[in-house]
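One letter stands for each residue in the lines below.
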Amino acid sequence: MNIFDTWYFPARLAWRQLIHDRPKLIAAISGVLFACVLVFMQLGFKDSLYASAASMPLKLDGDLFLVHQQSEAMWRPAQFKRSELMRALGHPAVAEVIPLYLSLATFKAMDTQVKRTLMVYGFDPDTDLLDVEAIKELKHALRLKDTVMFDEYSRPEFGPVGELLASGQNRTEVNDYKVTILGVFQLGISFAADGNIVTSDLNFLRIFPNRSIHDIDVGIIRLHPDTSIQQTKIELRKLLNDFVKIYTYEEILEHELLYWENAAPIGFIFNFGTIMGLIVGMVIVYQILFTEITNYRFEFATLKAMGYQHHYFVRMVFASAFILAVLGFVPGFLLSNSLYYLAESQIFIPMPMTVGKIVTVFVFILFMCAIAGLLAINRLKSANPADMF
Amino acid sequence: MVIEVNNLNFSFGSGTLTQPVLKGVNITIQKGEIVLITGPSGSGKTTLLTIIGGLRQAMNGSVRVLDKQLVNSTEQDKVKIRRQTGYIFQQHNLLKSLTALQNVCMTLEMYHDLTEYERQYRAQKILAAVGLEDRFHYFPEALSGGQRQRVSIARALVGKPKIILADEPTASLDRQSGHEAVEILKQLAKESKTTILLVTHDYRILDVADRVVELEDGVIKTV
Ligand SMILES: Nc1ncnc2c1ncn2[C@@H]1O[C@H](COP(=O)(O)OP(=O)(O)O)[C@@H](O)[C@H]1O
Ligand SMILES: [Mg+2]
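Treat the numbers as computed from the prediction; the structure is a model and nothing was measured. (Residues numbered from 1 in each chain as written. Chains lettered and ligands numbered in written order. Predicted model: local features only at pLDDT ≥ 70, side-chain atom pairs only at ≥ 80, totals over all residues. Heavy atoms only, no water.)

Colleague: Give a description of the overall build of chain B that names residues and reports values.
Modeller: For chain B, the helix and strand inventory stands at six helices and ten strands. In terms of overall size, chain B behaves like a compact globule, its C-alpha atoms giving a radius of gyration of 17 Å where 223 residues would be expected to give roughly 17 Å. Residue burial in chain B is summarised as follows: out of 223 residues, 54% are buried. Counting contacts in chain B only where the partners sit at least 6 residues apart, residues at least 24 apart contribute 68% of the total. Carbon and sulfur atoms form 49% of the exposed surface of chain B, whose accessible area is close to 9,700 Å². The positive charge centre, built from 27 side chains, and the negative charge centre, built from 24, are 4 Å apart in chain B. (Helix = DSSP H or I, 4+ residues; strand = E, 2+ residues; numbered from the N terminus. Rg over C-alpha atoms; globule rule 2.2 N^0.38 Å. Buried < 20%, exposed > 50% of the residue type's maximum accessible area, 1.4 Å probe, protein only. Contact = heavy atoms within 4.5 Å. Areas by Shrake-Rupley, 256 points an atom, 1.4 Å probe, with all protein chains shown as cover. Lys, Arg positive; Asp, Glu negative; His and termini not counted. Charge placed at Lys NZ, Arg CZ, Asp CG, Glu CD.)

Okay, structure coming up:
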């Protein structure tokens with residue numbers, strides 16, 4: 001008796017029973033589909049949130065990063081003294097230090113004149129701090145007074161900046177301060193900011209007159225080639241005050257993601273949504289399997305009287321759960337795929353359908369159906385064949 | 001000796017609610033014999049049949065079926081007996097989501113050494129033998145009562161059981177189809193020397209029996 005036969009026959013019977021009662025099959029599939037879509041959407045929003053939260057630090061071209069220990073995340077930094085960053089230059093492995101200034105500001109849309117908040121990044125353009133080709137190309141022009149560059153991936157409420165630039169319109173206000181938009185680049189927005197602009201450090205201080213050149217938000221350190229980042233980090237720790245934290249590139253990315261996962265309730269909300277979706281789906285599948293077993297208990301008793309054993313029915317229930325998982329997952333996936341597309345085109349949040357996500361959701365759904373099957377199997381034990389006749 | 005029941009006692013419930021049903025049943029049935037059990041309703045006929053078929057556990061006396069002691073037996077022993085026994089129920093008890101052919105195949109699907117082709121072949125042959133060669137792919141709800149009971153006879157016989165246990169197989173059938181069903185059962189059983197123990201109220205079918213016994217007050221009386 002091989003493993004194929006021991007599963008094939010109960011699975012075939014499960015399949016025949018499922019397709020015999022179409023309305024109930026459709027109800028069960030809808031339950032799984034619902035759970036599937038819910039989980040896909042929760043995961044999609046969560047991943048996209050995380051991905052976009054790190055879109056700026058991802059492009060930072062540096063080896064070590066200094067932030068104030070009270071900075072929860074890059075979009076809400078606590079400033080620290082520029083001299084603290086300069087002190088790092090005392091380490092022989094440090095080649096260059098670059099201060100980064102950032103702050104939220106209002107941006108007046110050039111077409112509608114409506115003001116909306118976005119993030120302003122200020123740094124010396126000669127340093128190529130952001131590894132974004134479009135910005136590097138315009139670094140000389142960016143040194144001019146009152147010039148900025150605009151992130152094309154900002155929300156559409158800021159206006160069709162690219163088109164307006166092409167038509168010759170390039171003047172607007174940031175924080176009620178008149179600036180000229182030199183061009184656009186592509187970075188990506190986060191849940192913290194609906195858009196981004198990049199400007200020089202000097203222009204930044206003009207846009208924000210109450211900010212001082214001595215108070216910086218992030219300090220970027222570049223090391224000489226062939227020096228150890230980890231070793232330098234340890235040695236810098238002794239050189240710098242305790243209130244600045246030193247991160248490597250990977251660590252600062254992680255720091256940003258962890259903020260959204262822990263400090264902000266957003267990660268929790270998405271996880272909660274995922275779990276709720278799975279529980280609702282599980283209850284629906286359990287209900288279906290449960291009534292199935294109740295309705296078929298005479299047939300199970302008959303099969304028992306013929307010599308079928310308990311494990312056959314256990315396999316049948318699991319096979320039913322598996323079939324429902326697959327039948328619900330396929331349309332659930334297709335629907336979610338369309339919804340991802342809709343989200344990308346309507347609310348401009350990047351929601352890629354990745355293989356990882358597909359596998360994760362399928363495993364979740366399988367697990368959900370298996371648990372429902374396990375619960376339903378308890379019901380089977382009550383079928384004593386002799387009492388049925 | 002295919003079935004040998006000695007001094008079998010059986011009661012439902014426990015304590016003061018104990019309701020004795022079988023009070024020292026003795027019966028011996030030879031290979032190939034067709035024995036009918038009659039008796040008033042509630043006299044314990046179904047209970048006796050389920051004990052002999054390995055569906056119900058007895059604690060007292062001796063029940064030897066195909067040389068296996070069923071009193072205080074293990075689940076595995078009972079499963080072995082069930083597999084060598086064809087059970088025909090009062091209601092046809094067919095699986096409603098399976099066709100006639102698929103229902104009959106269920107008996108054979110327990111044996112994985114058969115090929116799907118052999119299963120189909122044997123099931124078709126036996127369905128033809130009960131006169132249903134044109135109803136292979138009908139679901140039970142599309143069949144008449146007599147046809148359903150003939151499918152369930154085919155299902156019981158297709159595994160070539162040593163014993164057929166039938167519990168009022170004609171109770172839900174009209175006179176004509178009831179007699180037909182029992183005649184078919186008798187004929188097929190005689191060909192293969194299968195032992196039949198058949199419970200019935202139906203005096204119209206007593207003529208198929210080699211022997212008729214009556215269960216009354218929990219004991220067997222020869223008529
Ligand atoms: N599962 C059961 N639990 C309790 N009492 C039962 C059960 N099955 C049958 N009985 C009782 O046992 C007696 C014999 O029942 P049964 O064997 O079905 O009789 P028959 O088949 O001859 O009509 C009846 O009084 C019935 O009420
Ligand atoms: Mg009865």
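Picking up after the structure, the text goes on.
Colleague: So what's going on with the overall build of chain A? Which residues, and what values?
Modeller: Tallying secondary structure elements over chain A gives 14 helices and eleven strands in all. Here chain A has a C-alpha radius of gyration of 29 Å; the compact-globule value for 389 residues is 21 Å, and the former is much larger. Taking the principal axes of the C-alpha coordinates as reference, chain A spans close to 95 × 55 × 30 Å. Here chain A holds 389 residues, and the buried ones make up 51% of them. Within chain A, contacts between residues separated by at least 24 positions form 79% of all contacts whose residues are at least 6 apart in sequence. Summed over its atoms, the accessible surface of chain A is roughly 17,400 Å², and 61% of this surface lies on carbon and sulfur atoms.

Colleague: Talk me through the sheet that holds strand 1 (residues 3–12) of chain B; I want residue IDs and the actual numbers.
Modeller: Residue and element names in this part refer to chain B. If you walk across this open sheet you meet the four strands as 2-1-4-5, and the pairing is antiparallel. Looking along the sheet, the strands with just one partner apiece sit at the ends: strand 2 (19–29) and strand 5 (68–69). As judged from the four bridges shared by strand 1 and strand 4 (residues 62–65), these two strands associate in the antiparallel manner. Counterpart to V5 in the pairing with strand 4 is V63. Packing of helix 1 (residues 45–52) onto the sheet brings it into contact with strand 1, strand 2 and strand 4, and relative to strand 1 it is tilted by some 120°. (Pairing = 2+ DSSP bridges. Axes fitted to C-alpha atoms, helices over the stretch in contact; angles between N-to-C directions.)

Colleague: Go over the domain arrangement of chain A, please, and point to the residues and values.
Modeller: Residue and element names in this part refer to chain A. Domain annotation for chain A reports domain 1 (3–53 + 265–388) and domain 2 (70–241). Computed over C-alpha atoms only, the centres of domain 1 and domain 2 are separated by 48 Å. Summed over both sides, the interface of domain 1 with domain 2 buries roughly 560 Å², with 73% coming from carbon and sulfur. At the surface where domain 1 touches domain 2, the tally comes to zero salt bridges. (Domains from an automatic or database assignment. Buried area = accessible area lost by both parts, 1.4 Å probe. Salt bridge = Lys/Arg side-chain N within 4 Å of Asp/Glu carboxyl O.)

Colleague: Run through the domain arrangement of chain B, naming residues and quoting values.
Modeller: Residue and element names in this part refer to chain B. Here the domain parsing of chain B yields domain 1 (1–84 + 163–176 + 193–223) and domain 2 (91–160). For domain 1 and domain 2, the distance between their C-alpha centroids amounts to 25 Å. Taken together, the contact pairs four residues of domain 1 with seven residues of domain 2. Summing the contributions of domain 1 and of domain 2, the shared interface buries around 570 Å²; its carbon and sulfur component is 60%. A per-residue breakdown of the area domain 1 buries against domain 2 is headed by R83, I164 and L173, which together make up 70% of the total. Seen at the junction of domain 1 and domain 2, the total is zero salt bridges. The interface formed by domain 1 and domain 2 includes two residue pairs in polar contact (both at pLDDT 80 or more). Among the residues making up the side of domain 1 that touches domain 2, the classes are represented as three nonpolar, no polar and one charged. (Polar contact = N/O pair within 3.5 Å; in protein donor to acceptor, adjacent residues only side chain to side chain. Nonpolar A, V, L, I, M, F, W, Y, C, P; charged D, E, K, R; others polar.)

Colleague: Help me get a handle on the state of the cysteines, residues and values and all.
Modeller: All names here are of chain A. Taken as a whole, this structure holds zero disulfides over all chains when the rule is applied. C369 carries a free sulfur, and the closest cysteine sulfur to it, the one in C36, is 9.5 Å from it. Residue C369 is classed as buried on the basis of its relative accessible area of 1%. (Disulfide = S-S within 2.5 Å.)

Colleague: Talk me through the sheet that holds strand 3 (residues 34–38) of chain B; I want residue IDs and the actual numbers.
Modeller: Working definition: the strands of a sheet are paired by backbone hydrogen bonds and lie parallel or antiparallel to each other. Residue and element names in this part refer to chain B. Taken in spatial order, the six strands of this open sheet run 6-7-8-3-9-10, and their pairing is mixed. Each edge of the open sheet is held by one strand with a lone partner, namely strand 6 (85–88) and strand 10 (219–222). Averaged over neighbouring strand pairs, the angle between their axes works out to 20° when direction is ignored. Relative to strand 9 (residues 211–216), strand 3 runs parallel, the two being bridged by four bridges. Along strand 9, the bridge assignment pairs L36 with V212. Seen against the sheet, helix 5 (residues 145–157) touches strand 6 and strand 7 (163–167) and runs at an angle of roughly 170° to strand 6.

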